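Observations on the three-dimensional arrangement
Residues per chain, in single letters:
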Protein chains: 4
Amino acid sequence: MIRMNNDYHRAAHPEVLKAIEETVMNDYPGYGDDEWCGRAADLIRSLTECSQAAVHFFPGATQANFVVISALLKSTQSIIAAQTGHINAHECASIENTGHKILALEQNNGKITAAQIEKEAAVYYESGEAEFLTEPKLVYISFTTEQGTLYSLQELKDISAVCRKYGMYLFVDGARLGYGLGSCMNDVSLKDFAELTDVFYIGGTKCGALFGEAVVLCNPAIQKRFKSVMKQNGAVLAKGWLLGVQFYALLKDGLYFRLAKQADEYAMQIRKSFEKKGYTFFSDSYSNQQFVIMTDKQAEAFAEKFIYEVDHRVDDTHVCVRFCTSWDTDEKETRELIHSIESI
Amino acid sequence: MIRMNNDYHRAAHPEVLKAIEETVMNDYPGYGDDEWCGRAADLIRSLTECSQAAVHFFPGATQANFVVISALLKSTQSIIAAQTGHINAHECASIENTGHKILALEQNNGKITAAQIEKEAAVYYESGEAEFLTEPKLVYISFTTEQGTLYSLQELKDISAVCRKYGMYLFVDGARLGYGLGSCMNDVSLKDFAELTDVFYIGGTKCGALFGEAVVLCNPAIQKRFKSVMKQNGAVLAKGWLLGVQFYALLKDGLYFRLAKQADEYAMQIRKSFEKKGYTFFSDSYSNQQFVIMTDKQAEAFAEKFIYEVDHRVDDTHVCVRFCTSWDTDEKETRELIHSIESI
Amino acid sequence: MIRMNNDYHRAAHPEVLKAIEETVMNDYPGYGDDEWCGRAADLIRSLTECSQAAVHFFPGATQANFVVISALLKSTQSIIAAQTGHINAHECASIENTGHKILALEQNNGKITAAQIEKEAAVYYESGEAEFLTEPKLVYISFTTEQGTLYSLQELKDISAVCRKYGMYLFVDGARLGYGLGSCMNDVSLKDFAELTDVFYIGGTKCGALFGEAVVLCNPAIQKRFKSVMKQNGAVLAKGWLLGVQFYALLKDGLYFRLAKQADEYAMQIRKSFEKKGYTFFSDSYSNQQFVIMTDKQAEAFAEKFIYEVDHRVDDTHVCVRFCTSWDTDEKETRELIHSIESI
Amino acid sequence: MIRMNNDYHRAAHPEVLKAIEETVMNDYPGYGDDEWCGRAADLIRSLTECSQAAVHFFPGATQANFVVISALLKSTQSIIAAQTGHINAHECASIENTGHKILALEQNNGKITAAQIEKEAAVYYESGEAEFLTEPKLVYISFTTEQGTLYSLQELKDISAVCRKYGMYLFVDGARLGYGLGSCMNDVSLKDFAELTDVFYIGGTKCGALFGEAVVLCNPAIQKRFKSVMKQNGAVLAKGWLLGVQFYALLKDGLYFRLAKQADEYAMQIRKSFEKKGYTFFSDSYSNQQFVIMTDKQAEAFAEKFIYEVDHRVDDTHVCVRFCTSWDTDEKETRELIHSIESI
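Below is a short write-up of the structure. Because the structure is predicted, anything quoted here is derived from the model rather than measured. (Residues numbered from 1 in each chain as written. Chains lettered and ligands numbered in written order. Predicted model: local features only at pLDDT ≥ 70, side-chain atom pairs only at ≥ 80, totals over all residues. Heavy atoms only, no water.)

**Looking at the relation of the copies chain B and chain A**
- Note on the copies: chain B fits chain A at an RMSD of 0.0 Å, the axial shift is 0.0 Å, and the rotation between them is 180°. With respect to symmetry, the two chain copies, as superposed, fit the operation of a two-fold axis.
- Both copies contact each other with a shared surface, as 100% of the interface residues of chain B are interface residues in chain A too. (Least-squares fit on C-alpha atoms with pLDDT ≥ 70 in both. Contact = heavy atoms within 4.5 Å.)

This is the structure in structure tokens:
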């Protein structure tokens, strides 16, 4: 069976594991105050061309999402996000659990627009900041989205402009940032993220690391006592260097970007093969997640060789199925899937 | 420099790393629904002789502490703990952040007694359950304590009896459970913990694992939707098998217990050496943490070769210093310290 | 100017104020443990034919809403409500502030249906109770709704049946319960509410009292420590008897119901007058709130004599305006408005 | 029976009730946006000589306490208070319920000192602002305290200076502010409170009003969106003018101060009578609460004519009893108690 249901079903790239092993005989200070976290943070500041950024390493993405939001917002402030946003749909109300309302907007291809955000923000900001309304203070988007789609540089600039107009933070969930950066359709750089957002993260768990997310606080105004909020929520790993060492290994010579780009390319080959056979898609994804509409019979046929994820039922006879390439997907697996597509 | 400041300054025992490496080429289901977590949980149910236990693997101890407490308590319920308890003193109000008050009791040697607990509980339970008072509903103790001390089986039985009298949960923080079990003074078994508590955990991070704590919910009444509370707080690792595989490696043939016992023995050699030279101690610790009172000059002398932790200042000329052995401390390091003790 | 913008712009019915004055020279125990709260609670148990009910008096409705929900739900449980529900739209995220997600459903005439609720609940309950989803545990509806509409007895029975099927609580926000009960279209009794819901409240603030809401916990399983959650949230009035005495005065001989019924009748006269002149309405309201669509010019003309509330803008030239009768609206005011309707 | 157990067992001073009645036939805007709240706020700004103050009227003191604290603090910030402080001992963890830790200090006569506060604050501020520690950000004291004692102007100045040194807010719980101001030992003015604190409140419930507390936000930096936090917590009364009208009636010609002063004087007569008979006291109270140590037999004898509050048991044969005068205590009641003291 070939597992293509997600991008976190294998441990880590050999280079990452090797880097961890090489630290085994050394001693390190705890809680992220070590040389590896320092080096990895320096590297990220350099790659993002943002010397003022504070970089913190989280064990996981759910933590990164709610800790960032909880650290930035006061109790009467709310979040603007897509209805399908990960924080709204997949994390058991982790955000509401910290006391904040999500103002969920209709999505299109998993994305929301600057115009939608402006309209939602205006309800509050243009109406005298009514007491019974929450203050939208943070816009949350994902790159790539839950549906594998991308924001273009222009879209990001427009969203960033609305955020700055109203004094709202822009937060980009980058659990799959690598796959976004590596997409053939992408025109956004790490530097752009640093310039246009207040905070974003570089996802490791789904992109070659054993686990870990590198949260980049570009805006100096939100850096104070941030690590204390992490600590309070159990997001400071005792052996923090394990995170630093992984990000250093992934980023020091571009491995992170190569792995994701390769996975995106395999995904595009798979997409094209599906297209050629006349399949339609749930979203216009040019990254590692492909959402294919197929009959139940077709799904059954694929299930003989592949583990995929059923995203949702479309109608009585059709389902939407996610095929997901990962940093570890190889050419052979890709070919086998393409072979099956052609023959089913 | 020899690092004896804590028990989490090295990565993991080679057996643990090897076990992780061996999984690298395999695919696993995410979020702990994999064979390794299953095997490790079975092993723990067997070692604790508690077939009804639910076992969940956490990345870290701060998470384990606040997620367990948050999952078990309602908003008007509180926790009884020692003033020096980890949750009260070292986690930036992680418990209060989830909405609960800690009723902090005076400690003796880092411990609290059944009598103290009964007295505190009685304020509420024997007084008509007054509305303006919180309901003490969970007793939190650590094994070993922050000061390296142990609860005896009789002490645990007495505390458990008070808890059951009033319907309070008993929760044992086992971040250093191994070092407690391995102590020459210990008379408590894993089975005892399963019988006497509602929930406890077997700490991995400080005891040979890369990271991870195995939370054992012995009481079936508290198992429902527990994992959902974990998810909400970002405590479900995407690649959950990484935790299962580590605990399986540590527990399958007793490595966990041997490592801790050895560390305890080294610590006792160190303690005896300090004793012989007339040093006094902050606590009666028979486990891997030793809190030694010394002059500033002595501390300075030790600092030439050893990294230790200054626990607190005793007076103008004395400090209390923690020397901590770990699963990775070896005979040579121990001898060097003993040699220094004898010669300083 | 005649104020018809809401139903809480005057203090209280003279009978209520008289009842308060008559207590002035007496001493009472504090925090609701007095004879007046006792008598009012008994009366409510009798009127609802629910001898097992616990009755608690709250100063205000926002408190009643969030305290009830917070007392009933655990951290991973959520609320099903209409998108326009008061708790979702008008209380600055008071519910999310206590840590809970609202699953907001599309409304029709301000209402949600049993079928919609079943569908939303099934996402969780019929899908294996997935960990990343919240558990819908409470259904919140209002009687009357934000748009002045009513649930029929059959609709309530259907909703109640779905709730019981899945073990969800049914909570009826009764800030305007009187106006619902008094409507010419109503077929629901207080006894029905006690039988079909787990908790509901009888609103005083908008219905003749100076302030206060009587929360009726019909389900014995939710009564324990409820008052403690009230206390924790500042919802236990020190001089609790002030609330008891008001509800006793309003309910002892049916004043509460007469006042609301009268207001409803005036509202229907106003509605009919608008209808006759060809106005259309935002909702099918047969209670004290009437939402009328009119041109900006008409709105301006009414504004010369009447204070109303602009509910929302319909288009460039039309607004939706709320005219609200109250327990204190009299015939003369009603006639003046009708006169204006006819002449504008 | 003469009720001297507390200062909130009677409704309100006749002048206050009269003022409410006089508003009955008028219409008012809701939620505190009315002329009475405006006038009362102006009056308070004038009495405190603090033109920049924002004044908000709360229904009750528990709400005032937790809403102020919740509005001012972030999740990793904590409160310094006396162990016996109302928020720590009497409100069912209302503060922890909003996510904040209370750093409780030993009290002396119900008070804490600038030196104690400085020492506690220094643990965090002088130690590098460690991540695992909360940031003490607000000092909470009561005037008068739970034991009826007062802070002198010098003590307040010293506490205020420590707060400003570390950037901590000073918050004075003024539920019994009137009785403090009216004490024969008092040397603090309303103006002093406005100058030395960031926020304090003028308690109405215990001092002549039906209910209500006037929160004075002296520090402009904490005024923004404060009312929104009130709204979120159900602390904005729909008929807000009821609070404004009461405070205007109490403050416009000094009634508030006269009532409290009179109650204090009666309390001092009672204290002197107890002193003359050789009773000892639990605290050095010169305000309306007197805590008298007596034998069980004496307590029983007083219980024949007086309702008092048993504060706590002293030993097997003695109790500490609170006699409390109030704005409504009259000479006759005072004389009867003194007569009993002399004859028991």
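**Some remarks on the packing of aromatic side chains**
All names here are of chain A.
- Under the counting rule described, the total for this entry stands at 74 aromatic pairs over all chains.
- On the basis of an interplanar angle of 70° and a centroid distance of 5.7 Å, the ring pair of Phe302 and Phe323 is categorised as edge-to-face. Taken together, the positions of Phe302 in helix H12 (residues 296–303) and Phe323 in strand S13 (residues 318–324) put the pair 21 residues apart, joining distant regions of the chain. Of the two residues examined, Phe302 and Phe323, each falls in the buried class.
- An aromatic cluster is built from Phe274, Tyr279, Phe302, Tyr308 and Phe323, whose rings are joined through pairwise contacts.
- For Arg271, the ring lying beneath its charged end belongs to Tyr286, and the centroid distance is 5.4 Å. (Phe/Tyr/Trp six-rings, centres within 6.5 Å; stacked < 30°, edge-to-face > 60°. Helix = DSSP H or I, 4+ residues; strand = E, 2+ residues; numbered from the N terminus. Buried < 20%, exposed > 50% of the residue type's maximum accessible area, 1.4 Å probe, protein only. Lys NZ or Arg CZ within 6 Å of the ring centre and 35° of its normal.)

**Brief notes about the relation of the copies chain A and chain D**
- Overlay of chain A on chain D (RMSD 0.0 Å): rotation 180°, translation along the axis 0.0 Å.
- Most of the interface of chain A is mirrored in chain D: 100% of its interface residues are interface residues there too.

**Re unusual backbone geometry**
- Residue Phe143 of chain B is joined to Thr144 of chain B through a cis peptide bond whose omega torsion reads -5°.
- Along the chain, Thr144 of chain B falls in the loop between strand S5 (135–142) and helix H7 (153–166).
- In this structure, Glu49 of chain D takes a positive phi of about 50° despite not being glycine.

**Topic: the interface of chain B and chain A**
- Each side of the interface is counted separately: chain B has 41 residues, and chain A has 42 residues.
- In total, chain B and chain A occlude about 3,700 Å² of area from one another, counting both sides; carbon and sulfur atoms represent 57% of this.
- On the chain B side of the interface with chain A, the three residues burying the most area are Asp27, Gln232 and Lys239 of chain B, jointly 18% of the side's total.
- At the surface where chain B touches chain A, the tally comes to 2 salt bridges.
- The partner of Arg10 of chain B in a salt bridge is Asp27 of chain A, with the nearest N and O atoms 2.4 Å apart.
- Summed over the shared surface of chain B and chain A, the number is 20 residue pairs in polar contact (both at pLDDT 80 or more).
- At the level of elements, helix H1 (14–21), helix H3 (61–72), helix H5 (94–97), helix H10 (226–232) and helix H11 (241–251) of chain B are the ones that each hand at least two residues to the side of chain B that touches chain A. (Buried area = accessible area lost by both parts, 1.4 Å probe. Salt bridge = Lys/Arg side-chain N within 4 Å of Asp/Glu carboxyl O. Polar contact = N/O pair within 3.5 Å; in protein donor to acceptor, adjacent residues only side chain to side chain.)

**Comments concerning the pattern of salt bridges**
- Taken as a whole and judged by the stated rule, the model has 80 salt bridges over all chains.
- Where Glu96 of chain D meets Lys101 of chain B, a salt bridge forms, and the shortest distance between an N and an O atom there is 2.6 Å. Of this pair, Glu96 of chain D sits in the loop between helix H4 (86–89) and strand S4 (102–105) while Lys101 of chain B sits in the loop between H5 and strand S4 (102–105), on two different chains.
- Take Glu96 of chain D: its relative accessible area is 3%, and that puts it in the buried class.

**Regarding the sheet that holds strand S10 (residues 289–295) of chain B**
All names here are of chain B.
- Overall, antiparallel pairing links the 4 strands, which are arranged S9-S10-S13-S12 in an open sheet. The sheet is open, and its two borders are formed by strand S9 (280–281) and strand S12 (309–315), each paired with just one other strand.
- Two strands pair when backbone bridges link them, and S9 and S10 are joined in this way by 2 bridges, in the antiparallel orientation. Along S10, the bridge assignment pairs Phe281 with Val292.
- Contacts from helix H12 (residues 255–276) reach S9, S10 and strand S13 (318–324) within the one sheet, and its direction differs from that of S10 by about 25°. (Pairing = 2+ DSSP bridges. Axes fitted to C-alpha atoms, helices over the stretch in contact; angles between N-to-C directions.)

**Observations regarding the environment of Ala209 of chain C**
- Mapped onto the secondary structure, Ala209 of chain C falls in the loop between strand S7 (199–203) and strand S8 (213–217).
- Spatially, the C-alpha atoms of Ala209 of chain C and Glu106 of chain C are 33 Å apart, while their sequence positions differ by 103 residues.
- In contact with Ala209 of chain C, other than residues within four places in its own chain, are Ala11, Ala12, Val16, Gly204, Gln246 and Leu250 of chain C together with Lys239 of chain D.

**Quick look at the sheet that holds strand S5 (residues 135–142) of chain C**
Residue and element names in this part refer to chain C.
- An order of S2-S8-S7-S6-S5-S3-S4 is seen for the 7 strands of this open sheet, with the pairing classed as mixed. For this open sheet the edge positions go to strand S2 (54–58) and strand S4 (102–105), each flanked by a neighbour on one side alone. Here the average twist between neighbouring strands, direction ignored, is 20°.
- Sheet analysis places strand S6 (residues 169–173) next to S7, joined by 2 bridges and oriented parallel.

**As for the interface of chain A and chain D**
- Between chain A and chain D, the contact holds 17 residues from the first and 17 residues from the second.
- Between chain A and chain D, the buried area comes to about 1,500 Å², and carbon and sulfur atoms account for 41% of it.
- Its largest share of buried area at the contact with chain D, chain A owes to Thr76, Glu131 and Arg225 of chain A, together 42% of the area lost on that side.
- At the boundary of chain A and chain D, one finds 4 salt bridges.
- In this structure, Glu135 of chain A engages Arg225 of chain D in a salt bridge whose closest nitrogen and oxygen atoms are separated by 3.9 Å.
- In this structure, the connection of chain A to chain D is made through 12 residue pairs in polar contact (both at pLDDT 80 or more).
- It is helix H9 (residues 226–232) of chain A that contributes the most residues to the side of chain A that touches chain D, 5 residues altogether.
- Partitioned by chemical class, the residues of the side of chain A that touches chain D number 5 nonpolar, 5 polar and 7 charged. (Nonpolar A, V, L, I, M, F, W, Y, C, P; charged D, E, K, R; others polar.)

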